[in-house]
Every structure is written in C-alpha cells, then in structure tokens.
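Here are the chains, one letter per residue:
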Amino acid sequence: MGRKLLIGVISFTFLIIGSLVGVTWWIENQFFDLLNRNPERAYDITYEDLDLNLFLKGVSLQNAKITPLNVADTVTQVQGTLDHIEVNGIMWGAFLLQKKAIIGELAFINPEFSINVVEAKNKQKTHKIKPLQMLFGDILKRGEIHSFRLVGGTAVTTRAKDSVVIANVHNLKIIAIDIQTDSIQVKNLIPFKLAELNTSLDSSSFVLNDYTELTTGLISYNSATSDLELNNIDMAFTKDRLAVSDIVGKQVDLIEAKIKRLKISQLEAGSDFYSDVRILAGSISIDGLLLNDFRDKNKQRP
C-alpha cells in the first residue's frame, strides 16, 4: 500500500511538472504572437526567454529587443535592448479564451535606446520627429494596458548622414497611470490621455549646431502639480569664440548661458517642446542665471 502511494505521488508530481512545462511552452509561443500580431505595427518585440511569475501574476521577458520593421534610409528609427520587460497583472481569461492582452502594467527595465535621425529635406514643411513618442504609442496600442513604467533608461541619438552623436539621455524614468489608448494626445511623451504622468532623467546633452552644445542635470516633470524643473542647464560653445565668430561671419552677439535651476509651474497641455518650443504656464522662475556675451568687432555688421 505504501509503495503504491509513493508511486502515485511521484506520478502526480511528474504530471504536474510536465503540465507546467507544457503550459509555459504554450504561453511563450502564444504570448510572442500576441505581442506582434498587429500587421500595421512599426516595431517587433523579441526576447530570449519568458519566465512565469509566482502564482501566474505576470511574466518576465528576458533580454528583450525592440526592432524596427520596414527599415528605410529616409525614416528615423529607434532600436532598443532591455534587461527585461515585466508584464504584470495579466487577465489570463482574456488571454487564453479571447487571445486579448489586458495588462495591469507594462514595465521596461534598463532599456538602451539607439535613435538614428534622418533630417528632413524640407525643414519648413516638416514637423520635427518624435521617435520615442512614436515607439511608445506603437507598443502601448497592442492591448489594453493600464499603466506603463520605465526605469534606468538611456537614449543615444545619432545623425544618419554622418553617424555623429547629437543627443544623450541618462537614467530616464517614466511612470504613466491609467492609459487610455483610444484618446490620442499628440503632445504627450506617452501619446494618450493619462490620469498621471511622472518623468525624470539624471542628465542630458544636445548638439544644437556645429559649435554649440546644451547640457542639463536633473530634469523632472509631475503631472499632478504640472511642474517641470530643469537643473544645471549649460549652453556653451564647443569651439573657441573667435572660431565661432569666423563661422558666423558677422558681428553679432555670441552668448553662452548657465542656469542653476529653471522651474515652470502649472504647465498647460497646449505647450509644445518639439516643434516651436511654445510654453503655456502659470509662472516661470529662474535661479542662478549667468550670461557670457561676446561680440567680435572686427567682423562686418549684419
């Protein structure tokens, strides 16, 4: 009797293990198809391994990659590698029976984005491209995703024509809550209507032209207070001032600037930092402003 019981327990254990392996394999294949089902998607999400969380609360996609589809030399593209993607709060009933993605939270952990920017031939008739916004919009439309979290993000932007790095962003963090993908908000980093959005980054740098670079320290935004704060802003020449004056070729004011802290309070939704840098706000405060003005009087006046 004892031997039969032991054999029964062992058989049951192997049955459970085999079932879990089979379910994991099935979920992994179905989940990949679900993520990349939309034929109009701009990006594929791939991963090396899928781990089921304890009590099936979610899955973790290890060593994930985001790869653009229909790559062309005329289009700005984003590529991404991630430590892993967390998919939490999955409605398994909708997934198993309807093959529908209803997800409590999608989280990107330590993503590294590489952005290759193609400059428009006619800049006057073309709006500036928002590659990360387009990427987030493409991914979050793949299901009913209630919140999105990104931590430890970096982004390196290069110019396609010569592979020169024109922008860097370090330790990007995004928290978006109650996403409504059926309500488009084109000016948002997460391009949908949200209940709450918090973003921050530790440092950034931007090449403004062939002789000027803009760097920042901590930047943070909180939608609950509509406050945007920028710290340690530094706009400086990358060449000697006389060399810059030779490049400009005319007698004009050449200004370098430093700001210790810039705070924009009650920032309105109509503000646009992408195309025309239009800011609508209740107040703007500046602390620690330092200007360095140089004019080469040997040059001809404009």
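The rules we used
- Residues numbered from 1 in each chain as written.
- Predicted model: local features only at pLDDT ≥ 70, side-chain atom pairs only at ≥ 80, totals over all residues.
- Heavy atoms only, no water.
- Core = buried A, V, L, I, M, F, W, Y, C linked by side-chain atoms within 4.5 Å.
- Buried < 20%, exposed > 50% of the residue type's maximum accessible area, 1.4 Å probe, protein only.
- Contact = heavy atoms within 4.5 Å.
- Phe/Tyr/Trp six-rings, centres within 6.5 Å; stacked < 30°, edge-to-face > 60°.
- Helix = DSSP H or I, 4+ residues; strand = E, 2+ residues; numbered from the N terminus.
- 1 Å grid on protein atoms, 1.4 Å probe; cavity = no way out; pocket = protein on both sides within 12 Å on 5 of 7 lines; lining within 4 Å.
- Points joined across faces, edges and corners; volume = space filled by probe spheres on them.
- Patch = residues over 30% accessible without salt bridge, like charges linked within 9 Å, V, L, I, M, F, W, Y side chains within 5 Å.
- Areas by Shrake-Rupley, 256 points an atom, 1.4 Å probe, with all protein chains shown as cover.
- Salt bridge = Lys/Arg side-chain N within 4 Å of Asp/Glu carboxyl O.

A. Summary view of the nonpolar core. Phe31, Phe108, Phe113, Phe148 and Ile190 are the most contacted members of the largest nonpolar core, which has 52 residues in total. Setting aside residues no more than four positions away along its own chain, Phe148 makes contact with Leu106, Phe108, Phe136, Leu140, Ile174, Ile175, Ala176, Ile179 and Ile190. With five residues, the next largest nonpolar core counts Phe237, Val244, Leu254 and Phe294 among its residues.

B. Spatial organisation of the packing of aromatic side chains. Applying the stated criterion across every chain, the model contains four aromatic pairs. Between Tyr211 and Phe237 the ring centres are 6.2 Å apart and the planes differ by 50°, which places this aromatic pair in the tilted class. Of the two residues, Tyr211 sits in the loop between strand 13 (203-209) and strand 14 (212-216) while Phe237 sits in strand 16 (residues 227-237), which places them 26 residues apart along the sequence. Neither Tyr211 nor Phe237 differs from the other in exposure class; each is buried. A connected cluster of aromatic rings, assembled from ring pairs, spans Phe108, Phe113, Phe136 and Phe148.

C. Unusual backbone geometry, seen in detail. One non-glycine residue with positive phi stands out, namely Asn63, at about 50°. Checked against the element boundaries, Asn63 lands in strand 3 (residues 58-68). Even without glycine at this site, Ser163 takes up a positive phi of about 65°. Tracing the chain through its elements places Ser163 in the loop between strand 8 (147-159) and strand 9 (165-177).

D. Summary view of empty space enclosed by the protein. This model, assessed by the stated rule, comprises two cavities of 30 Å³ or more. Each pocket or cavity is described by its volume, and for the largest cavity that value is around 110 Å³. Along the walls of the largest cavity sit 14 residues, with Leu35, Ile103, Leu106, Ile139 and Ile145 positioned nearest its centre. When residues in the lining of the largest cavity are grouped by element, the largest group, three residues, is from strand 5 (residues 102-109).

E. Representation of helix 3 (residues 131-140). In terms of burial, helix 3 is a largely internal element, nine of the 10 residues being buried. Within helix 3, the full set of buried residues consists of Pro131, Leu132, Gln133, Leu135, Phe136, Gly137, Asp138, Ile139 and Leu140.

F. Spatial organisation of a nonpolar patch on the surface. Taken together, Ile255, Ile284, Ile286, Leu289 and Leu291 make up a surface patch of nonpolar side chains, about 470 Å² in accessible area. The greatest single-element share of the nonpolar patch, amounting to four residues, is contributed by strand 18 (residues 283-294). Of note, Ile255 is situated in strand 17 (residues 254-265).

G. Region of the structure containing the environment of Val165. When you line up the elements, Val165 lands in strand 9. A C-alpha to C-alpha distance of 9.7 Å links Val165 and Ile115, two positions 50 residues apart in sequence.

H. Layout of the pattern of salt bridges. On inspection of all chains with the given rule, the structure shows 10 salt bridges. For Arg149, the salt bridge identified is with Glu86, shortest N-O distance 3.0 Å. Here Arg149 is found in strand 8, whereas its partner Glu86 is found in strand 4 (residues 77-90), with 63 residues between them in sequence. On the basis of relative accessibility, which here comes to 22%, the residue Arg149 falls in the partly exposed class. Here Asp227 ties to Lys263 by a salt bridge, and the two come within 3.9 Å at their closest N and O atoms.

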